[in-house]
Amino acid sequence: MHTDSTVTVYQAYAPEIGLPAAREGRFPAVWQRNRMTWIKPSFLWMMYRCGWGTKERQETVLAVEITRDGFEWALEHACLSHYEHGLHADHATWKRRLKQSPARVQWDPERDLHLQPLPHRSLQLGLAGEAARLYADEWLVSITDVTPLAHTIHAHVRSGELDIARQLLPLERPYLVNDELLAHLHR
């Protein structure tokens, strides 16, 4: 989900982090800026990861709206999270780049309402060091607790009311990037 100036990503946290973050519109002091944090632009991939907000320490699902400039900065400074023969000169070169990069790109199968894999991939973006600090302190526009929405959609899925569940999903559409940035995402 994105606008001309923002991108919405999702994360799930334990209530002691997620609830104050949503209430205050910023991450609380216990949120560790020195740790890798993974953001997911796909609502359903986040639901897969957090079990619709039921997995331990992932009970609070947040929609985090960040600046588009920040999101693209992270993409431009990212390295693939895994070695890819043919894309990287060699494993050692990739490993050095990975250690130096403040962001990591990982492509995982997108999910359907039953959280089953789809034939196309969805982005996960890992932020560390400078990127994590910028995410929390500069790119952040708003934080919304979407746990009730996750639980409501999940209830409709469990009841077989897939059309209702689908209508409640956030409106996500492909995020278009220029060719240079796209080439960078595959390095």
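Scroll up to find the structure this text is about.
The notes below deal with the structure included here. All figures in this text were calculated on a predicted structure; none of them were measured in a lab.

The rules we used
Residues numbered from 1 in each chain as written. Predicted model: local features only at pLDDT ≥ 70, side-chain atom pairs only at ≥ 80, totals over all residues. Heavy atoms only, no water. Phe/Tyr/Trp six-rings, centres within 6.5 Å; stacked < 30°, edge-to-face > 60°. Helix = DSSP H or I, 4+ residues; strand = E, 2+ residues; numbered from the N terminus. Buried < 20%, exposed > 50% of the residue type's maximum accessible area, 1.4 Å probe, protein only. Lys NZ or Arg CZ within 6 Å of the ring centre and 35° of its normal. Pairing = 2+ DSSP bridges. Axes fitted to C-alpha atoms, helices over the stretch in contact; angles between N-to-C directions. Contact = heavy atoms within 4.5 Å.

## Brief notes about the packing of aromatic side chains
Point 1. Enumeration according to the criterion identifies eight aromatic pairs in this entry.
Point 2. For the pair Y10 and F43, a centre-to-centre distance of 5.4 Å together with 80 degrees between the ring planes defines the contact as edge-to-face. Here the residue Y10 occupies a position in strand β1 (residues 6-13), and F43 occupies one in helix α2 (residues 43-50), the gap between them amounting to 33 residues. By the burial criterion, Y10 is buried, and F43 matches it.
Point 3. Ring geometry for F27 and W31: centres 4.6 Å apart, planes at 20 degrees, overall stacked. Each of the two residues, F27 as well as W31, counts as buried.
Point 4. What links up through ring pairs into an aromatic cluster is the set Y13, F27, W31 and Y135.
Point 5. Taking the ring centre of Y48 as reference, the NZ or CZ of R111 above it sits at 3.6 Å.

## A closer look at the sheet that holds strand β3 (residues 60-67)
Point 1. Ordered by their spatial adjacency, three strands build an open sheet running β1-β3-β7, and the pairing between neighbours is antiparallel. Both outer strands of the open sheet, β1 and β7 (140-145), are each paired with one neighbouring strand and no more. Between one strand and the next, the sheet's axes are offset by a mean angle of 25 degrees, whatever the strand orientation.
Point 2. Direction of pairing for β1 relative to β3: antiparallel, over a ladder of eight bridges. When the bridges of β3 are listed, T6 appears paired with T67.

## Structural notes on the sheet that holds strand β4 (residues 78-80)
Point 1. Taking strand neighbours across the sheet as the criterion, the four strands line up as β2-β6-β5-β4 in an open arrangement whose pairing is mixed. Every interior strand has two partners, whereas the edge strands, β2 (37-39) and β4, have only one. The sheet shows a mean angle of 40 degrees between the axes of neighbouring strands, direction not considered.
Point 2. Two strands pair when backbone bridges link them, and strand β5 (residues 103-111) and strand β6 (residues 117-127) are joined in this way by eight bridges, in the antiparallel orientation. In the strand pairing of β6, R104 is matched with G126.
Point 3. The strands that helix α4 (residues 91-100) touches are β4 and β5; relative to β4, the one it contacts most, it runs at about 145 degrees.
Point 4. Across the face of the sheet, helix α5 (residues 130-139) comes into contact with β2 and β6 while running at roughly 85 degrees to β6.

## Digging into the pairing of β6
Residues in a regular strand project their side chains so that they alternate between the two faces of the sheet.
Point 1. As judged from the three bridges shared by β2 and β6, these two strands associate in the antiparallel manner. Pairing of T37 across the sheet is with L127, part of β6.
Point 2. In sequence, β5 turns back onto β6 through a hairpin of five residues, with L115 there showing a positive phi of about 65 degrees.

## Observations concerning unusual backbone geometry
Point 1. Positive phi, normally seen in glycine, also occurs at W52, with a value near 60 degrees.
Point 2. The residue W52 is located in the loop between α2 and β3 in this model.
Point 3. By relative accessible area, W52 is classed as buried at 3%.
Point 4. A positive phi angle, near 70 degrees, is found at R57, a position not held by glycine.
Point 5. Of note, R57 is situated in the loop between α2 and β3.
Point 6. Taking relative accessible area as the criterion, R57 reaches 49% and is therefore assigned partly exposed.

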